[in-house]
Amino acid sequence: MKFNPLFILPNLFTAGSIFLGIVSIVYASKANFEMACWLILISMILDGLDGRVARLTNTTSKFGVEFDSLADIVAFGVSPALLLYFYIGADYGRLGMGISAIFVILGAVRLARFNITSSSEPNFFIGLPIPSAALIVMLWVLVDLKYEFIKTYGYEYIMLCASFVISILMVSNIRYPSFKKMQWNFKSFILLIVILGVIYVNPQEILCALMSAYVVYGIVRWIAIVLKMRLSTKSSPRSNGA
């Protein structure tokens with residue numbers, strides 16, 4: 001059996017994602033939080049490219065899938081968790097350590113569940129994807145570095161509590177939209193150009209607003225579905241007796 005040299009290419013992207021995740025941890029430990037944040041974002045871009053490169057080069061494999069999951073737990077589990085700890089968690093002792101650890105553990109559970117299950121809704125993720133969880137934590141830190149609101153007014157505990165909620169969302173049954181199989185057309189292309197233009201003006205703020213809206217959307221949609229089911233359950237006996 002001949003070895004295909006193209007097999008190395010997508011795995012190089014995955015290895016690069018791990019490398020940047022580790023470097024991000026090093027920068028965070030040295031209080032260079034802005035660089036640590038941007039490295040997580042670049043790591044996320046590499047993570048998004050490895051699967052696409054594998055499909056384009058016809059080098060998809062079970063090894064690549066497993067390698068990608070291990071990379072995700074480092075780049076999007078450990079890296080943002082330690083970024084959170086070094087940024088504010090260290091000031092809260094065991095609470096800060098516990099929340100950072102829970103983020104990594106539940107992120108690993110999220111990845112394991114994703115690997116062994118196949119969603120019946122291909123356009124939705126079950127639970128908040130771990131890259132999205134990492135991105136939202138990173139953006140909170142990045143925005144606060146610019147405006148110094150949380151640390152200046154002593155609201156660090158709010159970020160810790162919000163990060164804990166993000167951890168829970170990863171292992172929840174709340175559906176979040178998946179854009180992997182999005183049908184591209186002229187209108188969606190124009191919309192993407194507009195969004196990128198707006199992001200270019202204020203990247204931290206716009207990205208943080210978009211990701212926060214993404215997280216809230218899943219929660220609001222879940223609440224609306226639960227309320228609708230309860231209302232339909234209450235109204236069904238009346239309709240049967242009519």
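Residues numbered from 1 in each chain as written. Predicted model: local features only at pLDDT ≥ 70, side-chain atom pairs only at ≥ 80, totals over all residues. Heavy atoms only, no water.

- Going by what an unreviewed UniProt entry lists, the protein is known as CDP-diacylglycerol--serine O-phosphatidyltransferase and is assigned to Helicobacter marmotae.
- UniProt annotates the protein under Catalytic activity (unreviewed entry) with the comment "a CDP-1,2-diacyl-sn-glycerol + L-serine = a 1,2-diacyl-sn-glycero-3-phospho-L-serine + CMP + H(+)".
- Regarding the protein, the relevant UniProt record gives this comment under Subcellular location (unreviewed entry): "Endomembrane system". (UniProt positions renumbered as here; feature names shortened; annotations may be inferred.)

## A few points about the overall build of the protein
Okay, step 1: The helix and strand inventory of the protein stands at eight helices and two strands.
Okay, step 2: Here the contacts in the protein between residues at least 6 apart in sequence split such that 80% fall between residues at least 24 apart.
Okay, step 3: For the protein, the computed accessible surface area is about 14,300 Å², with 70% contributed by carbon and sulfur atoms.
Okay, step 4: In the protein, 19 positive and 12 negative side-chain charges are present, and the distance between their average locations comes to 14 Å. (Helix = DSSP H or I, 4+ residues; strand = E, 2+ residues; numbered from the N terminus. Contact = heavy atoms within 4.5 Å. Areas by Shrake-Rupley, 256 points an atom, 1.4 Å probe, with all protein chains shown as cover. Lys, Arg positive; Asp, Glu negative; His and termini not counted. Charge placed at Lys NZ, Arg CZ, Asp CG, Glu CD.)

## Re the nonpolar core
Okay, step 1: Formed by 44 residues in total, the largest nonpolar core has its most connected members in Leu 83, Leu 128, Met 138, Met 159 and Ile 166.
Okay, step 2: Looking at this core, the elements with two or more residues in it are α2 (33-56), α3 (62-87), α4 (93-116), α5 (130-147), α6 (156-170) and α8 (203-241).
Okay, step 3: For this core, the leading source of residues is α5, giving 12 residues.
Okay, step 4: If we ignore the near neighbours within four places in the chain, the residues touching Leu 128 are Arg 110, Ala 133, Ile 166, Leu 169, Met 170, Tyr 176, Tyr 214 and Val 215. (Core = buried A, V, L, I, M, F, W, Y, C linked by side-chain atoms within 4.5 Å. Buried < 20%, exposed > 50% of the residue type's maximum accessible area, 1.4 Å probe, protein only.)

## Thoughts on α4
Okay, step 1: Over its 24 residues, α4 extends 35 Å from the first C-alpha to the last, a length consistent with the 34 Å expected when each residue adds 1.5 Å.
Okay, step 2: Restricting attention to buried positions, one finds in α4 the residues Gly 96, Ile 99, Ser 100, Phe 103, Leu 106, Gly 107, Arg 110 and Leu 111. (Expected span 1.5 Å × (residues − 1).)

## Some details on the confidence of the model for the protein
Okay, step 1: Averaged over the protein, the pLDDT score is 86; the fraction of residues at 70 or greater is 90%.
Okay, step 2: Confidence, expressed as mean pLDDT per element, reaches its minimum in the protein at helix α7 (residues 186-201) with 81 and its maximum at α6 with 93. (pLDDT = per-residue confidence, 0-100.)

## Considerations on helix α1 (residues 8-29)
Okay, step 1: Helix length check: α1 (22 residues) gives 31 Å between terminal C-alpha atoms against 32 Å at 1.5 Å per residue, within 8%.
Okay, step 2: For α1, the set of buried residues is Pro 10, Asn 11, Thr 14, Gly 16, Ser 17, Leu 20, Gly 21, Ser 24, Ile 25 and Ala 28.
Okay, step 3: Where α1 is buried, its residues touch α2 and α3.
Okay, step 4: Remark: Ala 31 follows α1 within two positions and exhibits a positive phi of approximately 65°.

## Points about the environment of Gly 218
Okay, step 1: When you line up the elements, Gly 218 lands in helix α8.
Okay, step 2: Counting along the chain gives 42 residues from Gly 218 to Tyr 176, while the straight-line C-alpha distance between them is 5.4 Å.
Okay, step 3: Setting aside its immediate chain neighbours within four residues, Gly 218 contacts Ile 174, Arg 175 and Tyr 176.

## Comments concerning the packing of aromatic side chains
Okay, step 1: Per the stated rule, a full pass over the model turns up five aromatic pairs.
Okay, step 2: With 5.1 Å between their ring centres and 80° between their planes, Phe 33 and Tyr 87 make a pair best called edge-to-face. Note that Phe 33 is positioned in helix α2 and Tyr 87 in helix α3, a separation of 54 residues in sequence. The burial state of Phe 33 is the same as that of Tyr 87; both residues are buried.
Okay, step 3: Seen in terms of ring centroids, Phe 149 and Tyr 155 are 5.5 Å apart; in terms of plane orientation they differ by 45°. Their pairing is tilted. (Phe/Tyr/Trp six-rings, centres within 6.5 Å; stacked < 30°, edge-to-face > 60°.)

## Focus: the UniProt feature "transmembrane region" (unreviewed entry) in the protein
Okay, step 1: Sequence positions flagged by UniProt for "transmembrane region" (unreviewed entry) are, in local numbering, residues 7-27, 70-88, 94-112, 124-143, 155-172, 184-201 and 207-227.
Okay, step 2: The distance from the first to the last C-alpha atom of residues 7-27 is 31 Å, and the span holds 95% helix and 0% strand.
Okay, step 3: With 70% helix and 15% strand, residues 124-143 has end C-alpha atoms that lie 28 Å from one another.

## A closer look at a nonpolar patch on the surface
Okay, step 1: A cluster of nonpolar side chains, Phe 186, Phe 189, Ile 190, Leu 192, Ile 193, Val 194, Leu 196 and Val 198, forms an exposed patch at the surface whose accessible area comes to about 740 Å².
Okay, step 2: Look at Phe 189 and you get partly exposed, because its relative accessible area is 45%. (Patch = residues over 30% accessible without salt bridge, like charges linked within 9 Å, V, L, I, M, F, W, Y side chains within 5 Å. Salt bridge = Lys/Arg side-chain N within 4 Å of Asp/Glu carboxyl O.)

## Details of the state of the cysteines
Put plainly, a disulfide is one covalent bond tying together the sulfur atoms of two cysteines.
Okay, step 1: Inspection of the entire model under this criterion finds zero disulfides.
Okay, step 2: Summary of cysteine pairing: Cys 208 is not part of a disulfide, and the nearest cysteine sulfur, belonging to Cys 37, is at 11 Å. (Disulfide = S-S within 2.5 Å.)

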